[in-house]
Amino acid sequence: MVQRQFPKPVELLELMQFKKPELNGTKRRLDAAYTIADLRKIAKRRTPKAAFDYTDGAAEGETSLARARQAFEDVEFHPDVLRPAENVDTSVEILGGPSALPFGIAPTGFTRLMQTEGEVAGAGAAGAAGIPFTLSTLGTTSIEGVKAANPNGRNWFQLYVMRDREISYGLAKRAAEAGFDTLQFTVDTPVAGARLRDKRNGFSIPPQLTLGTIVNAIPRPWWWIDFLTTPKLEFASLSATGGTVGDLLNAAMDPTISYEDLKVVREIWPGKIVIKGVQNVEDSKRLIDHGVDGIILSNHGGRQLDRAPIPFHLLPTVVREVGKDATVMVDTGIMNGADIVAAMALGAKFTLIGRAYLYGLMAGGRAGVDKTIEILRSEIERTMKLLGVASIAELEPRHVTQLTRLAPMPRTDV
């Protein structure tokens with residue numbers, strides 16, 4: 001028989017502990033985010049459709065992006081038991097320097113359009129976390145501005161080779177003079193991909209007001225207040241600022257780029273040089289023969305050639321073929337710290353995040369970027385502990401199986 005009694009007020013007070021309300025709206029929103037997907041939801045609520053879709057979208061049917069994310073979800077981990085990993089070391093050495101975590105921030109264009117703190121927030125958060133930050137040629141903060149935001153951290157520069165070669169070469173020289181230690185020479189953008197969300201939204205730089213954008217802005221006044229009360233949105237490194245994104249890319253890029261351009265860039269850049277946008281084994285080998293320090297397996301976040309190869313699926317083969325001679329990195333589709341752990345286990349030396357960082361930026365500015373890094377750090381540490389590994393170096397291919405939903409049909413031409 002259960003013995004019952006009248007509740008004692010003292011005991012009730014012990015049980016009914018009310019949480020103190022958080023008055024800071026940004027902190028309250030970010031405290032409720034436990035995953036990058038949570039940050040994405042917040043970002044979507046707070047950002048006008050055209051700016052959000054520019055970040056969130058990809059080329060044509062967005063198949064490349066969907067497949068890249070699915071590839072990470074289709075991972076099976078193989079943990080070791082009775083292998084204590086109470087404290088884990090997430091640091092790595094990458095391209096001649098340290099990183100406290102096995103990922104850095106990838107280059108993103110038009111970043112201040114997403115949230116006005118832009119690259120300053122990204123660079124500052126990266127510096128505080130001890131990871132590299134990459135500035136895009138199409139960035140909205142200058143090379144010198146990023147250096148000021150991250151004076152003691154590692155800054156990398158992403159370079160497009162444009163029709164006017166001297167503009168590109170001049171940017172590379174400025175980045176070197178500012179102390180940027182690595183150049184990401186991007187080779188998968190001879191022309192702009194068909195980013196259909198942007199076309200449907202009439203997305204342009206600077207933004208153009210239509211009845212649709214005004215209606216969409218009504219529930220998001222904070223974004224427009226920030227946009228209208230901060231310095232003019234423009235490319236910090238380029239003079240052309242008008243037109244759709246596709247128009248701007250097509251005007252800036254050059255489909256004639258070749259190994260001759262790589263030779264010139266190699267001669268003018270004093271630091272490490274990596275090639276971003278590699279999508280097959282043959283190009284990986286050829287680039288290593290041309291003396292680059294590393295390659296980034298990437299399909300540009302699915303924003304260029306739709307139905308392109310999945311970088312994560314390419315990783316084991318490329319590492320086997322060139323991993324002893326060069327640094328192999330990977331991006332595209334990373335939305336969880338476990339994705340990063342899986343890539344490192346299969347031989348990647350480093351990974352890069354783009355959208356994940358921008359979701360945090362749109363959700364809460366600099367604090368949102370800090371939250372992105374915090375979420376990924378926590379997921380990396382937890383995954384490593386559950387696998388029974390105490391350091392990144394202990395991760396091995398045996399820890400991961402890549403499951404696949406797409407098996408190639410036999411070729412008839414061989």
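Reading guide: rules and limits
Residues numbered from 1 in each chain as written. Predicted model: local features only at pLDDT ≥ 70, side-chain atom pairs only at ≥ 80, totals over all residues. Heavy atoms only, no water. UniProt positions renumbered as here; feature names shortened; annotations may be inferred. 1 Å grid on protein atoms, 1.4 Å probe; cavity = no way out; pocket = protein on both sides within 12 Å on 5 of 7 lines; lining within 4 Å. Points joined across faces, edges and corners; volume = space filled by probe spheres on them. Helix = DSSP H or I, 4+ residues; strand = E, 2+ residues; numbered from the N terminus. Nonpolar A, V, L, I, M, F, W, Y, C, P; charged D, E, K, R; others polar. Salt bridge = Lys/Arg side-chain N within 4 Å of Asp/Glu carboxyl O. Buried < 20%, exposed > 50% of the residue type's maximum accessible area, 1.4 Å probe, protein only. Pairing = 2+ DSSP bridges. Expected span 1.5 Å × (residues − 1). Arc of directions from axis to C-beta. Contact = heavy atoms within 4.5 Å. Core = buried A, V, L, I, M, F, W, Y, C linked by side-chain atoms within 4.5 Å. Axes fitted to C-alpha atoms, helices over the stretch in contact; angles between N-to-C directions. Parallel < 35°, antiparallel > 145°, perpendicular 65-115°, else oblique. Left-handed = near helix turned anticlockwise from the far one by under 90°.

The chain carries the name Alpha-hydroxy acid oxidase in an unreviewed UniProt entry, which gives Microbacterium gawkjiense as its organism. Within the UniProt record for the chain, the comment given under Sequence similarities (unreviewed entry) is "Belongs to the FMN-dependent alpha-hydroxy acid dehydrogenase family."

(A) Quick peek at empty space enclosed by the protein. Following the criterion strictly, the structure yields one cavity of 30 Å³ or more and no others. Size it by volume and the largest cavity reaches roughly 460 Å³. Sorting the residues of the lining of the largest cavity by element identifies helix H4 (49-56), helix H5 (63-73), strand E13 (350-353) and helix H18 (355-387) as the ones contributing at least two each. Looking at the lining of the largest cavity element by element, the count peaks at three residues for H18. Of the residues assigned to the lining of the largest cavity, the class counts are 15 nonpolar, 12 polar and six charged.

(B) Highlighting the pattern of salt bridges. A complete count under the given rule lists 20 salt bridges for this structure. In this structure, the salt-bridge partner of Asp80 is Arg398, at a minimum N-O distance of 2.9 Å. With Asp80 in the loop between strand E1 (75-77) and strand E2 (92-94) and Arg398 in the loop between H18 and strand E14 (400-402), the pair connects residues that are 318 residues apart, well separated along the chain. Taking relative accessible area as the criterion, Asp80 reaches 18% and is therefore assigned buried. Arg366 is paired through a salt bridge with Asp370; the nearest N and O atoms lie 3.0 Å apart. Linking Arg366 with Asp370, this pair stays in helix H18, spanning four residues, or about one helical turn. On the basis of relative accessible area, Asp370 is assigned to the partly exposed category, the value being 29%. A network of salt bridges, in which partner residues are shared, links Arg40, Lys49, Asp53, Asp56, Glu62 and Arg197.

(C) Molecular detail of the pairing of strand E10 (residues 272-278). With six of seven residues buried, E10 lies mostly within the body of the structure. The sheet contact formed by strand E7 (residues 182-186) and E10 spans five bridges and is parallel. Looking at E10, one finds that Gln184 is bridged to Val274. Pairing between E10 and strand E11 (residues 294-297): four bridges, direction parallel. The residue bridging Ile275 from the neighbouring strand is Ile295, located in E11.

(D) Looking closely at helix H7 (residues 118-129). When the terminal C-alpha atoms of H7 are compared, their 17 Å separation across 12 residues agrees well with the 16 Å that a helix rising 1.5 Å per residue should span. Within H7, nine of the 12 residues are buried, which leaves the element mostly enclosed by the surrounding structure. Among all positions in H7, only Gly118, Glu119, Ala121, Gly122, Ala123, Gly124, Ala125, Ala126 and Ala129 are buried. Two residues or fewer past H7, Gly130 is found with a positive phi of approximately 75°.

(E) Highlighting H5. Every buried residue belonging to H5 is among Ser64, Leu65, Ala68, Arg69, Ala71 and Phe72, and all of these are buried. All buried residues of H5 lie within an arc of 150° about the axis, which places them on one face of the element. The elements touched by buried residues of H5 are H4, E1, helix H16 (311-322), helix H17 (337-345) and H18.

(F) Broad picture of the nonpolar core. One finds Phe103, Phe157, Phe180, Ile295, Leu297, Phe312 and Leu315 to be the most contacted residues of the largest nonpolar core, which totals 114 residues. Beyond its immediate stretch of four places on either side in the chain, Phe312 contacts Ala71, Phe72, Val75, Val330, Ala342, Ala343, Leu346 and Gln402.

(G) Focus on the packing of H17 against H18. Viewed as axis vectors pointing N to C, H17 and H18 meet at an angle of 55°, and their least axial separation amounts to 7 Å. It follows from the interaxial angle that H17 and H18 lie oblique. Seen from above, H17 lies across H18 with right-handed handedness. In this structure, H17 uses Gly337, Ala338, Ile340 and Val341 to contact H18, whose residues at the interface are Leu376, Glu379, Ile380, Thr383, Met384 and Leu387. Taken together, the residues of the contact of H17 with H18 break down into seven nonpolar, two polar and one charged.

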